[in-house]
Structure formats: C-alpha cells, structure tokens
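A closer look at the structure
Here's the letter readout for the chains.
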Amino acid sequence: MLQRLLTSREALLLGAIAVLLGLIALRFPGFVAPANLASVFNDTSPLILLAIGQMIVILTKCIDLSVAANLALTGMVVAMINVAAPGLPVVLIVVIAITLGTALGMVNGVLVWKLDIPPIVVTLGTMTIFRGIIFLISDGKWVNSHEMSAAFKAFPRAEILGLPMLSWCAILAVIVFTVVMSRTTLGRAAYAVGGNPHAATYTGINVGRTQFWAFTLSGALAGLTGYLWVSRYAVAYVDIAGGFELDVVAACVIGGISIAGGIGSVGGAVLGALFLGVIKNALPVVNISPFWQLAISGSAIIIAVALNARANREKGRIILKSAEHAT
Amino acid sequence: MSSNAVARSPALAGGTDNPVLALDRITKTFPGVKALDGVSLALYPGEVTALIGENGAGKSTVVKTLTGIYQPDGGDILVDGVATRFATPQDAARAGITAIHQETVLFDELSVAENIFLGHAPRGAFGLIDWQTIERRAAEILSGIGAEIDPRHKLRDLGIANKHLVAIARALSIDARVVIMDEPTAALSHKEIQELYELVDKLKAQGKAILFISHKFDEIFRIADRYTVFRDGQFISDGKIADVSEADLVKMMVGRDVAQIFPTRDNEMGREVLDVAGMSHPTEFADIGFTLKQGEILGFYGLVGAGRSEFMQALFGITKPSAGQVKIDGTAVEIRSPADAVANGIVYVPEDRGKQGAITALPIFQNVTLPSLGRTSRNGFLQLAEEFALAREYTRRLDLRAASLDTNVGNLSGGNQQKVVIAKWLATKPKVIILDEPTKGIDIGSKAAVHEFMAELAAEGLAVIMVSSEIPEILGMSDRVIVMREGRMAAELNREDLSPETLVRHAAGI
Amino acid sequence: MSTMERHIPDRLKSPLERRLKSWETLLLAVAVAIFIANSFASPYFLNAWNLSDATFNFTEKAMIAFAMALLIISGEIDLSVASIIALASTAMGAAAEAGAGTPGLILVGLATGVLCGAFNGVLVTRLGLPSIVVTIGTMSLFRGISYIVLGDQVYNNYPIDFAYFGQGYVFWVISFELVLFALLAVIYAVVLHKTNFGRAIYAIGNNPTGALFSGIRVARIKFILFMLTGLMAGIAAICLTSRLGSTRPSIGFGWELEVVTMVVLGGINILGGSGTIPGVVIAAFVMGLVTFGLGLLNVPGIVMSIVIGALLIGVIALPRLWAMWRAR
C-alpha cells in the first residue's frame, strides 16, 4: 500500500522538499520548528484543496482555469449571506459554499460534456464570467472584517489537537480523495479516461460524464476553499485569489500530474502544493524579496514538466525480447 | 439482390440447439454508409462460429453491436431468444458477452491486474474496490491461460504478445457465456497460437459460445464448428463448417470465383540504389541490413509486431536508430527527419492512412502537392494553377475517383485515400518507395490495381520495398523477401526459395 | 488498366459561394450590427476622434493575435504573451534609464520578444513539452523577472520621440498603431493564405503526424511560430509602453486571455487546423466596438469581461447547439 502511495516520482519530490527544508534549516533552524512547519502547512492548505480538484480534472485530459474565480465568487456570496444573516450557523454556510461551488463546477462540466467545447475555452470563459458576476452582485464593494460575524471568521482558526480547522479540512480532503481516486469506480474511471479515452469507451466508461464529475469535484473543493479563504483573511472583493489558478496548475505539474492525462496522484498534487508553499513561506525568512516568488514558481513549473516528460517519454512498442522489462 | 430475400432469422431456423445469442435482421447506418444491412447471426453453446468476410463486410460493426458500443438502427439482439438492448458495454457484459478486440483496447499506465478488471472490479467493504482480490484473481486467470505475467506490473512494460494475453485474460475475467475473438492470433507466435487453440477448446468444453473472426482459413477449419459469411454489410450464408470447402467460403466472401492474379513481371533490374547496414534501435529492431536495386520489389514478411513498420519508419527518419548506415546511390546519407528522407529520394506510404498517410481534413490537391510545394510555388508563394496541374497529372495516373480535386481526402474510400498518398509521393519523383501493407483494408478489385501499379513502378526503375502480412501478396509480388521475427532479420529469401511454408516457419521461429 | 480517362474537376463550389457562407461573413454582420447599435445608443459614438481612440482598445492585442492565430492553427498556444510584454517593456525601461535612444529601445524591445519566444519554442519543440504548460510556466517566469527587476518601482524615463509609436498620428485621425495594425494584418493574411509556409501550418494543425510523414519540418515551423509570437509581443510592448509612457511589472496583465479570446472569436479552431486572418481582424473590431460602446454607456470594465467571456463560450456553443437542435 505504501509503495502504491509513493511511486518514485513522489519520493523524488518529497526528497526535493526535504533538501529544500534542510538548506533553509542550515541558516534558519527556526523555519523547521514543528510550529512553523504547521503554519506553513496551514498557509498552503487552500492550495492543497484546489490542487486535488485540479488533479482530477487534469487526469481526465481537461484543465480548469476557473477554480480561483469560482473560489472568489463563492467566497463573496457566503460573505454577503453572512452580512445579511449573521445568525446563520457556520455549518450551513459551509454547505452553501460547497453547493454553490459544485454548481459552478457543473456548469463547466456540462459545457465540456454535452457541447464538447474544449475545456480551456470553457474555463477561460467562465473564469471571466464568474469574476464579472462578483462585481455585479457586490457592486464592486468589499466585504470587510468588521461586517462578518465572529463565528464566520472563527471556523478556519478553531484548533483541534493544535491544528487549525483549515489544516484539518486539507487533511480530510487528502484522505477522502486518496480513497476516492484509488478505490472507487469514479476515481479509476478518471485514470482510464485520461490514459486512453478510446479504450475507456470500449470498457463502458463514459468519457464525457467522467469529465463532468471531475469538474464537479473541482468546483466543490473550490467552493469549500472559497469560504475558508474569505473567512481566514476576513475580507471578500472581486480580485481575491487573482491568478491563483496558475499556482494550482503549477502545483499539479510540479506534483507530476501529466497534462496529457492519465498520470498523477493525490500525493503528487499535495507535495507539489507543499513545494510551492515552502518556497513562498521561506522567501521572507531567507531575506529574498517576495517579488522573486513568481519567477521561482515559473521556473519550478518548467523544470518539473521537463523532468516528468523525460520520465514518461513514449517508449514505442517493445519488440526486442531483450528490451522487455529491461527499462 | 434484395437483402431481405436472403436474410432470414437464424433464431427461427431451428437446429439441434437454441442459440444463446442471436442477431435478427440488424441494420446499422453511418453517415453515407450502410455498415450492416439486415444481417443475422446465431451463436450456440459449446460451439465456435467463424464470422467470415472481407474488410468492410461489417465484421467489426457486428462485434461493436454485440458488445454494446454501437446501438443498431433496426433489428433485434436476442439473448436466449429474448429481444434485448445493450445501451452500454456494461449491459453486454452483464448479459455474459465478452470480447477480445482487434485493437488492444488497454491502458498503458495502469497495472495488468487493473486492466483485467477495469469496469467490473470486485468490491470489498463500503463498496470500495478490493485490490487484493483483484490481484489474486488476475494472477489466477493469467496462470490459467499459461501467461507468466506479474499482475502488478504496469502494462506499458509488457511486449506486444503479452499485452494480447492480458486482453484475453480481461475477456475471461467476466464469467461469460459468449466470447468474441476478433482476429486473436494476429500478433501471436506459433507456440502462443497453439495455446490459444487449447484455450478455445477448453472454453467450448465449458459450454461457452464463441464467435471467432479470422482471415486465416487454416485456423477457421482447425477450430470452428459453424460459419457465417457477410459481404458488403449483408448476410450471405451460414452452415456447418464440415459441409464446405475453403473455395466455397472464398466464393461466398467475394461473390465470385477468385484466383488472385498477380501481374507478371520480367525482373530487369538496374543498379543498386539503397544499401542499409547494421540498423538497430534500443527496443524495436536490431541489425537490419540489405541492398536494393532499381526495378526490384523487396518484400518484408513477418507477424504483426515483428518490427517491420518500426524499421521502415526509422529508415524514413521518423524514429532515431541507435546504430546503422544508409547509402543512396553509393553515398552515405544522414536521414534525421522525413524531410531528409524525401530529399534523398526515399518515400514511405504508411499503413495507417488516416493518421500518418493523408491529412484527411485537407483537400486532395493540397495533399498531393504538400511535399512538392517547393516545385509548384514561386519564391515561397503558392501558385494554385500549378498545384492543380500537378495534382491532376498524378491523380489521373493513379485513376483516382473523386468528385473534385478540392474534395477533402476524408470523404474518399480507403482505396482512393491510398491512391492520394501514393500520388503525393510519386509527384516528388522518388528513388525508393516503401509501401507498408499497401492493400490492407482495400477491396479485392482495388487490390489488383494497386499490385498492377506496383509492378509498373518497378518497371519504370523505382526501387520498391513492400511490407506485407499477406502471404499471397508477398509470394506474388516480391523478387526477394526478408522475414523479420521479434525485431531481427530471420531470413533473406530469393524468389525461387519462396513458399508459404518457409515464410511461416521463419516468421514463427519453428 | 484504365482505358477510360476519368476527368476530375478542380473545384465544385465557387470560392465566392464558399466565402458567403463563412464564419467571417457572420462575424462581419455582427460587427456592423454592433456599430449601428452603438451609433444609436450614444451620440458620442459617431465622432472621428472618438472612433480613432477606440481603435487603441484592440490594435496592440490584435498584433499579437495575428501571430497567436498562426500558432493556434498549428496546434500550439502561447499563454506567456502578456508576460513577454512586461519583460520587454522592463528591458526597454532599463535601457532607457541607461540612456539608450529610441532606435536602441526598439531593438531591445524586439530582441526581448524574440528571445522569449525562442525560449518557449525550444522547450516545446526540442524537449517535446506541451505548450500550454510551458507557457503557463514562462508566463510566471517572464513577469516574475520583471517583478525582480522593478519590484514596486516604475520606469518612466523614456525619450520624448519614443512617444510616437503609441501616441503619434500618421494622418488626421489615423494613428501610427492603426497603420501598423493594418500593415501587419495584410502581411499575416498573405503569409497564412498565400505561401507554402501558411499551407504547412494548416497541414500541421490538422494532422501533425501526417504532416511529419509528408516531409514537413514540423518542429522547425513551430519554433518559428513561437519566435514570431514573441516578436509580435515585443512590438505590442513597444506600442503599449510608448502609449502609457511608463513601465510597471503589471503592464498588460491578463492580456493573454483577451488575445486568445480574440483569436477564437475570429473563428480559429482552438484545437488547430482551421481559421483565417480576416476572421481575426473582424473579431478585433468586434471586441473593440463592444468595449468602446459599453464604455460610452458607462459600463465598468469588469462587466465587459462578462460579455467577452460569454462571447467566447457562446460563439462555440451556439453553432453546436444549433446542430444538436437540427439533428433532433
């Protein structure tokens, strides 16, 4: 089981993160103190949540560029609901966020499944539309901290066993989706659809429907993250998490998820997100201007995709007997 | 000939036994083509029925209809005499129908075990997939068919024959009453074919009904109990295999007496144009070397997956060989891309016309002139008049049939698409032409025309390499034959040493 | 074998008939309709100077869109174009600080664009990486370098005559940018539709394997297209920097999406293989007119993005919905 969880690609990334932490620890031992690592994890949790959803979408040969806009729209809606009805229990807010995110994901899914529109076009379009809708419903105004109820803001910070709820949400998602991807029909269908859509059809797997569910799951996670984001930072406006979709795709690519579909794992997505999270949190510590972050994550994407491509290079048919299993 | 007059419902025809599965006057239409025109077919428990027909007779459409991939437009699928609808492949699987498809429809990135059980995986607690059971049962099924494959390996690490065994294992993982085998022996060696026959006998003994699709008559007479013949999407005849001869079946298949006639050629050969030495590739072929003269037709025979196409593609600059040397007219040349190959006078007519040969979404004339644009244009600017002139010249020479030269190639029949690909290459005035399975998927009438044309090209001094898996074609056309087995040259035979037996012996390694 | 000569006509449909039934004609009708609607909606619309101002809404983006169209037809994409603008503008700003004159600045801008494009091209064609991922990466990298260089600073020390490219007029209300746009439109239309190079692009986009097997140097052509796209981003950077007179790292942020939208709206298949330059030209006008018209009606920019997003999905969805409805 452990072996299946950590294929060599993930082990490599884990090693890279360990080396990174080691290098930082050489000069700033405080960075690897458990409390600080926990705070890095907590800070990276939204990215982990979104990266898991994005991974499922990418597995099915699609891409979801609307996740950050979905997050922002859902966040704004729940923030406005909270302002209008401060008494509404947080559980209900979470349910609303997940439901709305799911619905937005379904919009993407339906357009891809039923109208067969290329996913990049669909999600480019819905991305701008979702952002525009935020402006329409909020009239361009911010929802600020003092307008939100205390309970609304407290949820992601509430600590259980020393870890905030935000971290627990990410941990829960990792566990749930590890099971979903490895042991449910939908999870395995996602791999099959991305790996060989033609063969998937022969196997009785509906390619379009599987893609629809992938977008739906991605939307659900984006919705949940929308509430967590807005309540954690205690502010909602049109541009929150602007450009975050690229970080999410970056986390997936770094995590070894093949953009061509069919290859990837929850563990990879999580490690890819953590890699970016460690870098982001380490920059101020090691006294590098935060302006470096963009270029570093860009380079990480390029290096990661080049390494993955080397590992997955198409081998052609193996005909020579001596070559079988030798590679 | 009206189809309804010929077709009858086998389910009503009576017999010793009742069929487990039957097609009753099934019709399936695609835009522009009636793939199945009221065909009927019956499969009986414990018996092997051979489905016989030429390419385009509708065999694969029948397989896809029986397995729920296609839904018929008319007619009934009868399971135990009851009309049933298979909306999805799962419906068919639930009715106990399983198929070993012609193309290996498997997943390279998944494990062998998962490939066998995808879509019907055993579940454990909470309805979750039970990997332990899957791996155990996969191992059982694999050892049951004599395959030594670790179910935990990724499929991509297996060779072609082993992949095929996984496909067979997948079909057997469903507790099926009907097993469909679509050309199951195409990629197997002699020993593996014998094991497959034993497997078929075992399945028969278990009372399963088997639909066996094959082009090889020796195979059909070896294992089939009954036959059904289709032609052009229509039912022609069925009966017991014991009551017919091979000639009878061929006649039913083609609709007339056919003795395949190959053009007679006087082998006047010119100087040597091509000299290949020591060509090797890390995983696909090793140590290929030969020479070729003007006017010569060199046949490449072997089982499917023996590495012939892979070698040809390396010669054409698609893949990079790890070692070897190519000389054209005595000068060593460096071929790193197809553009280099074309510039040196080597052209390649691939087996996969739709993907590699033609650009089906572009019109005929643009396909023909694509590699010759340097000649038809002026300073890089297109000259449509000259393009049409060139396209007209070569399509006329190949006797192409099309509505107009700006028709998209995708709208043409397989034979005419092949003509466009050949025309494209002849327009470049090549020295060596490589034809990879040149008559695959082409009806018998057009086949003769292609053979005639090949002979003509050789007579004009072109050096021809012909890759073919059809023994009559190899025997009828080649001056010399190289047999390949598992990526290596197994034999080089002159015309006078050729016989079907020697070819098969070298190809199978017995 | 063939005793009877068979005659195959060159063409069946006349080119004119084909043109009338095309996407471009439909798009042109939309453009005219928007124009008429706008002129009724606002009294300020039909004013030569206002209309001239409106062209700045699309000229720079359209220049990139021409090269992007070729790239997308060949089956690739470049999402880093807006970041190339940022990097090229930063490089020009730095050169200006160092005292470079206008010709030097232009050289710096063009060279930065070409180098960025070549970098994308090498990664895609040499290493065989998917262009969408590569250019998402370089999108961060190129703009990231601008941020490293500039941080929260601004370059605005440009020579006075540098302002001509973004602010100058060739004749009356006809701006330099508009002339450049028209010139580039003609060049790209000729290259794509009248040359061997253009024919090869279509062949590659329709079937890269088939094109390779036909002796087309697929990798080389794709590499050239990436460089061309970088070059156009460099030209756009010169115009935009000149027009704004300053450089911040956020310059041109989000433009890649508007460029891709323009290309897709122009009828270029996002999956490659088909589309025309006239389509992109009309799409540029449509987007410019919509933005300008809504602007005159005081609709905020973010709401216009809803219209653009809906257009993007709508233009692809509507024909498919129509086909589905007819097939019922």
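Residues numbered from 1 in each chain as written. Chains lettered and ligands numbered in written order. Predicted model: local features only at pLDDT ≥ 70, side-chain atom pairs only at ≥ 80, totals over all residues. Heavy atoms only, no water.

Details of the overall build of chain B
Quick reminder of the rule: Helix and strand assignments follow DSSP, with helices taken as H or I runs no shorter than four residues and strands as E runs no shorter than two, numbered in order from the N terminus. Every radius of gyration here is taken over C-alpha atoms, with the globule rule written as 2.2 Å times N^0.38, N being the number of residues. Exposed residues in this analysis have more than 50% of their type's maximum accessible area, buried residues have under 20%, and partly exposed residues fall in between, with area computed by a 1.4 Å probe over protein chains only. We get accessible surface area from the Shrake-Rupley algorithm with a probe of 1.4 Å; when it comes to residues, only the shown protein chains can shield them. In summary, the charge assignment counts Lys and Arg as positive and Asp and Glu as negative, without counting His or the chain termini. Lys charges are placed at NZ, Arg charges at CZ, Asp charges at CG and Glu charges at CD.
The helix and strand inventory of chain B stands at 20 helices and 20 strands. For 510 residues, the compact-globule estimate of 2.2 N^0.38 gives 24 Å, and the C-alpha radius of gyration of chain B, at 25 Å, lies within 12% of that figure. Each of the three principal axes of chain B carries a C-alpha extent, and together these read 65 × 55 × 50 Å. Going through the 510 residues of chain B one by one, you find that 58% of them count as buried. For chain B, the accessible surface area stands at approximately 20200 Å², while carbon and sulfur atoms represent 48% of it. Charge separation in chain B, taken as the distance between the mean sites of 54 positive and 67 negative side-chain charges, equals 3 Å.

Topic: the overall build of chain C
The test is simple: In what follows, residue pairs with any heavy atoms lying within 4.5 Å of each other are defined as contacts.
Counting its secondary structure elements, chain C contains 15 helices and two strands. Its C-alpha atoms give chain C a radius of gyration of 21 Å, within 12% of the compact-globule value 20 Å for 328 residues. Across its three principal directions, the C-alpha atoms of chain C cover 80 × 55 × 40 Å. Within chain C, the proportion of its 328 residues that are buried is 54%. Sequence-distant contacts, at least 24 apart, represent 78% of the contacts inside chain C between residues at least 6 apart. Total accessible area on chain C is roughly 13700 Å²; 68% of this is exposed by carbon and sulfur atoms.

With respect to the sheet that holds strand β12 (residues 288-293) of chain B
Residues and elements named next belong to chain B. Going by this rule: For two strands to be treated as a pair, DSSP must find no fewer than two bridges joining them. Where helices are involved, their axes are fitted lines through C-alpha atoms of the stretch in contact, as for all axes, and angles between N-to-C directions lie from 0 to 180°.
What the four strands build is an open sheet, ordered β12-β11-β14-β15; its pairing is antiparallel. Two strands in the sheet have a free side with no partner beyond their single neighbour: β12 and β15 (331-333). Averaged over all pairs of adjacent strands, the angle between their axes in this sheet comes to 20 degrees, without regard to strand direction. Relative to β12, strand β11 (residues 272-280) runs antiparallel, the two being bridged by five bridges. Counted as the bridge partner of V276 is F290 from β12. This element, helix α11 (residues 308-315), spans β11, β12 and β14 (323-328) of the sheet and lies at about 115 degrees to β11.

A few points about the interface of chain A and chain B
Selection criterion: Summed over both partners, the accessible area lost on bringing two parts together, with a 1.4 Å probe, is the buried area. Here, a salt bridge means any Lys or Arg side-chain nitrogen found within 4 Å of an Asp or Glu carboxyl oxygen. Two N or O atoms form a polar contact when they lie within 3.5 Å of each other; inside protein one atom must be a possible hydrogen donor and the other a possible acceptor, and for residues adjacent in sequence the pair counts only when both atoms belong to side chains.
Every contact between the two is made by 32 residues of chain A and, on the other side, 41 residues of chain B. The junction of chain A with chain B conceals about 3300 Å² of combined surface from both sides, 55% of it contributed by carbon and sulfur atoms. Across the chain A-chain B interface, the total number found is one salt bridge. Two residues, R188(A) and E114(B), come together in a salt bridge whose shortest N-O distance is 2.5 Å. On inspection of chain A and its partner chain B, the count reaches six residue pairs in polar contact (both at pLDDT 80 or more). Counting residues per element, the ones that place at least two in the side of chain A that touches chain B are α8 (165-183), α9 (185-195) and α10 (197-202) of chain A.

Observations regarding the pairing of strand β16 (residues 346-349) of chain B
All names here are of chain B. The alternating pattern of β16 places I346 and Y348 on one face and V347 and V349 on the opposite face, and all of these are buried. Alignment of β16 against strand β17 (residues 432-436), held across four bridges, turns out to be parallel. Each bridged residue has a counterpart across the sheet, and for V347 the counterpart in β17 is I433.

Considerations on the pattern of salt bridges
Residue and element names in this part refer to chain A. For the structure on display, the rule yields 32 salt bridges over all chains. Ionic pairing is found between D43 and K280, a salt bridge with its closest N-O pair at 3.3 Å. Of the two residues, D43 sits in helix α3 (residues 34-59) while K280 sits in helix α13 (residues 266-285), which places them 237 residues apart along the sequence. Exposure remark for K280: the relative accessible area of 38% places this residue in the partly exposed category.

Examining the pairing of β14(B)
Each regular strand displays side chains that alternate between the two surfaces of the sheet. Residue and element names in this part refer to chain B. In terms of strand pairing, β11 meets β14 through five bridges, oriented antiparallel. Its bridge partner being in β14, A277 is matched across the sheet by Q325. Pairing geometry for β14 and β15, over three bridges, is antiparallel. Within β15, the residue paired with I328 across the bridge is T331. The loop that links β14 with its antiparallel partner β15 comprises two residues; one of these, D329, has a positive phi angle of about 50 degrees.

A word on the packing of helix α9 (residues 176-194) of chain C against helix α10 (residues 196-206) of chain C
Residues and elements named next belong to chain C. Test applied: For classification purposes, an angle smaller than 35 degrees is called roughly parallel, one larger than 145 roughly antiparallel, one from 65 to 115 roughly perpendicular, and anything else oblique.
Contact geometry for α9 and α10: axes closest at 5 Å, N-to-C directions at 65 degrees. Considering the angle they form, α9 stands roughly perpendicular to α10. For the pair α9 and α10, the contacting residues are V191, L192 and H193 in the first and F197, G198, R199, I201 and Y202 in the second.

Digging into the confidence of the model for chain B
Where we set the bar: The predictor reports its confidence for every residue as pLDDT, a score running from 0 up to 100.
Put simply, chain B has an average pLDDT of 86, and 93% of its residues get 70 or more. Per-residue pLDDT, averaged within each element of chain B, yields its smallest value for helix α1 (residues 3-6) of chain B (37) and its largest for strand β18 (residues 463-467) of chain B (96).

Thoughts on the environment of D218(B)
All names here are of chain B. Position of D218 among the secondary structure elements: in helix α9 (residues 217-223). Judged by its relative accessible area of 59%, D218 falls in the exposed class. Along the sequence, D218 and E246 sit 28 residues apart, while their C-alpha atoms lie 8.9 Å from each other.

Overview of the domain arrangement of chain B
What counts is decided by this rule: Domain borders in the structure are assigned automatically or taken from a domain database.
On domain assignment, one finds that chain B holds domain 1 (3-96 + 178-253), domain 2 (108-175), domain 3 (271-345 + 430-510) and domain 4 (359-429). Domain 2 of chain B and domain 3 of chain B are separated by 37 Å when their C-alpha centres are compared.

Let's talk about the interface of chain C and chain B
Threshold: Any residue that is not Ala, Val, Leu, Ile, Met, Phe, Trp, Tyr, Cys, Pro, Asp, Glu, Lys or Arg is counted as polar, Gly included; the first ten are nonpolar and the last four charged.
Taken together, the contact between chain C and chain B spans 30 residues of the former and 46 residues of the latter. Overall, the association of chain C and chain B removes approximately 3200 Å² of surface from exposure, summing both partners, and the carbon and sulfur fraction of that is 57%. A salt bridge links R217(C) to D340(B); its shortest N-O distance comes to 3.0 Å. Seen at the junction of chain C and chain B, the total is 12 residue pairs in polar contact (both at pLDDT 80 or more). Listing elements by their share of the side of chain C that touches chain B, those giving two or more residues are α9, α10 and α11 (208-213) of chain C. Residues that form the side of chain C that touches chain B fall into these classes: 11 nonpolar, 11 polar and eight charged.

Regarding the environment of P249(C)
All names here are of chain C. Among the secondary structure elements, P249 is positioned in the loop between α12 (218-244) and α13 (255-265). Residue classification places P249 among the buried positions, given a relative accessible area of 5%. In the structure, P249 is positioned 120 residues away from L129 in sequence and 27 Å away in space, judged by C-alpha atoms. Beyond its immediate stretch of four places on either side in the chain, P249 contacts A86, R143, S146, Y147, L150, G151 and Q153.

Re the packing of aromatic side chains
The geometry of an aromatic ring pair is captured by the separation of the ring centres together with the interplanar angle, meaning the angle of the planes. To keep it simple, the criterion reads: Each Phe, Tyr or Trp ring, with Trp reduced to its six-membered ring, pairs with another whose centre is within 6.5 Å; inter-plane angles below 30 degrees give stacked pairs, above 60 give edge-to-face pairs, and intermediate values give tilted ones. Geometrically, a lysine NZ or arginine CZ counts as sitting over a ring once it is within 6 Å of the ring centre and also within 35 degrees of the ring normal.
Applying the stated criterion across every chain, the model contains 30 aromatic pairs over all chains. Arranged with centres 5.9 Å apart and planes meeting at 85 degrees, the rings of F316(B) and W425(B) form a pair that is edge-to-face. Of the two residues, F316(B) is situated in the loop between α11 and β14 and W425(B) in helix α17 (residues 414-426); the sequence distance between them amounts to 109 residues. Taken together, the ring pairs connect F58(C), F66(C), F181(C), Y188(C) and F285(C) into an aromatic cluster. For K114(A), the ring lying beneath its charged end belongs to W113(A), and the centroid distance is 4.1 Å.

Quick notes on helix α16 (residues 384-397) of chain B
Applied cut-off: Under the convention used throughout, the expected extent of a helix is 1.5 Å for every residue step, that is, one less than its residue count. Here the arc refers to the directions that run from the helix axis out to each C-beta atom.
Between its first and last C-alpha atoms α16(B) spans 20 Å; for 14 residues at 1.5 Å apiece the expected length is 20 Å, and the two agree. Regarding α16(B), the residues found buried are E387(B), F388(B), L390(B), A391(B), Y394(B) and T395(B). The arc that holds every buried residue of α16(B), seen down its axis, measures 165 degrees, which confines them to one face. Tucked inside the fold, the buried residues of α16(B) contact α14 (364-369), α15 (373-376) and α17 of chain B together with α10 of chain C. In the segment just after α16(B), D399(B) is the residue with positive phi, at about 60 degrees.

Topic: the environment of I282(C)
Residue and element names in this part refer to chain C. Tracing the backbone shows I282 in helix α14 (residues 277-296). By relative accessible area, which is 13% here, I282 ends up buried. Discounting chain neighbours no more than four positions away, the residues touching I282 are E24, L27, L28 and A31.

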